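An overview of the molecular structure
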Amino acid sequence: MGAARQITRLSVTAMILRKIVLVPVLAILAAPALAAFAEEPDPLLKGSEITVGSVLEQINFYRGLHRLMPLRLDDRLSLAAADRIADMEENTYWGHISPRGVQPFVWIAPHGYRFIAAGENLACGFDTPQVMVGSWMESPGHRANILSPIFQDIGIAIIEGSTMGRASGRSVVTMFGSEAPGHTAHISSATTKSDH
């Protein structure tokens, strides 16, 4: 019996020593990986100005989390988004449908983008793309547009303030699209039409 207790004590001592030695060794081995991770901050945490690039980066960050292909910035959709926001400024409204009853997708065709699916997200009064896109991700309609595997392209237009008069923050129009096969995308660097 004494020998069995002796073996058990030795086993417990060996296990404790392994843990004492193993934990620091793992910490030392993991340090370079943790340092590399710390050098690349999470795009959700860094504050930045709302620009076309930062909005695209945030949207594609969320798409990447869901293993979706990144959206490509398309000049024609960006021109359509710019026309949309200009119409809202000229007619002093903010919404997906104009006071004349015009749907947002009417602005896409004149720029030669022949879509088979399109969506639109609007945002105003935000100061950072992280908060703005994060808010879209909390809204079912906006989230559906961002995470739609059908959309391949995006256009983005941004103005300072509001289309309804003086306001802080920026106003953003994003137009999502998938083009009919056989058409060439004009790249800069969901079958549902969203009502959000």
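First things first, this report covers the structure right here in the doc. (Residues numbered from 1 in each chain as written. Predicted model: local features only at pLDDT ≥ 70, side-chain atom pairs only at ≥ 80, totals over all residues. Heavy atoms only, no water.)

**Thoughts on the overall build of the protein chain**
Note the threshold: Here a strand is any run of E in DSSP of at least two residues, a helix any run of H or I of at least four, and the numbering for each starts at the N terminus. Partly exposed residues are those whose accessible area sits between 20% and 50% of the maximum for their type, while under 20% is buried and over 50% is exposed, using a 1.4 Å probe and protein chains only. A 1.4 Å probe and the Shrake-Rupley method give the accessible areas. Residues count as covered only by the protein chains that appear here.
For the protein chain, the helix and strand inventory stands at five helices and four strands. Beginning at the N terminus, the succession of helices and strands in the protein chain can be written as α-α-β-α-β-α-α-β-β. Across the 196 residues that make up the protein chain, the buried fraction comes to 39%. When the accessible surface of the protein chain is summed, it comes to about 11300 Å², and 63% of that surface belongs to carbon and sulfur atoms.

**With respect to the pattern of salt bridges**
Under the convention used in this document: Put simply, a salt bridge is a Lys or Arg side-chain nitrogen that is within 4 Å of an Asp or Glu carboxyl oxygen.
Tallied over the full model, the rule gives six salt bridges. For the salt bridge of Glu-49 with Arg-170, the shortest nitrogen-to-oxygen distance reads 2.8 Å. Taken as a pair, Glu-49 in the loop between helix 1 (2–39) and helix 2 (52–65) and Arg-170 in strand 4 (residues 165–179) lie far apart in primary sequence, 121 residues in all. Classification of Glu-49 by relative accessible area gives partly exposed; the value is 48%. Note on Arg-170: relative accessible area 19%, which makes it buried. Residue Arg-76 pairs with Glu-179 through a salt bridge whose shortest N-O separation is 2.8 Å. Separated by 103 residues along the polypeptide, Arg-76 in helix 3 (residues 75–90) and Glu-179 in strand 4 bring together distant segments of the chain. Taken individually, Arg-76 and Glu-179 each receive the classification buried, so the pair is uniform in this respect. Taken together, the shared-partner salt bridges connect Asp-74, Arg-76 and Glu-179 into one network.

**Here we look at the packing of aromatic side chains**
The following threshold applies: Any Phe, Tyr or Trp ring, taking Trp's six-membered ring, that has another such ring centre within 6.5 Å forms a pair; planes under 30 degrees apart are called stacked, those over 60 apart edge-to-face, and the others tilted.
All chains considered together, the criterion is met by three aromatic pairs. On the numbers, 6.2 Å between centres and 50° between planes, the contact of Phe-105 with Phe-115 is tilted. Linking Phe-105 in the loop between helix 3 and strand 2 (115–126) with Phe-115 in strand 2, this pair joins segments that are ten residues apart in sequence. Overall, the relative accessible area of 6% leaves Phe-105 in the buried class.

**Comments concerning the packing of helix 2 against helix 4 (residues 129–137)**
Note the threshold: A fitted line through C-alpha atoms represents every axis, and for helices the fit uses only the stretch in contact; the resulting angles, taken between N-to-C directions, go from 0 to 180 degrees. Oblique is the label for any angle not under 35 degrees, not over 145, and not in the 65 to 115 range, which are roughly parallel, roughly antiparallel and roughly perpendicular in turn. Rotating anticlockwise by less than a right angle from the far helix to the near helix defines a left-handed crossing, while the corresponding clockwise rotation defines a right-handed one. Contacts are assigned to residue pairs that have any heavy atoms within 4.5 Å of one another. Residues are grouped as follows: Ala, Val, Leu, Ile, Met, Phe, Trp, Tyr, Cys and Pro are nonpolar; Asp, Glu, Lys and Arg are charged; all remaining types, including Gly, are polar.
The geometry of helix 2 relative to helix 4 is characterised by a closest axis approach of 9 Å and an angle of 40° between their N-to-C directions. When the interaxial angle is binned, helix 2 and helix 4 end up oblique. When the axes of helix 2 and helix 4 are compared, the crossing they make is right-handed. On helix 4, the residues touching Ser-54, Val-55, Gln-58, Ile-59 and Tyr-62 of helix 2 are Pro-129, Gln-130, Met-132, Val-133, Gly-134, Trp-136 and Met-137. Classifying every residue of the contact of helix 2 with helix 4 by side-chain character gives eight nonpolar, four polar and no charged.

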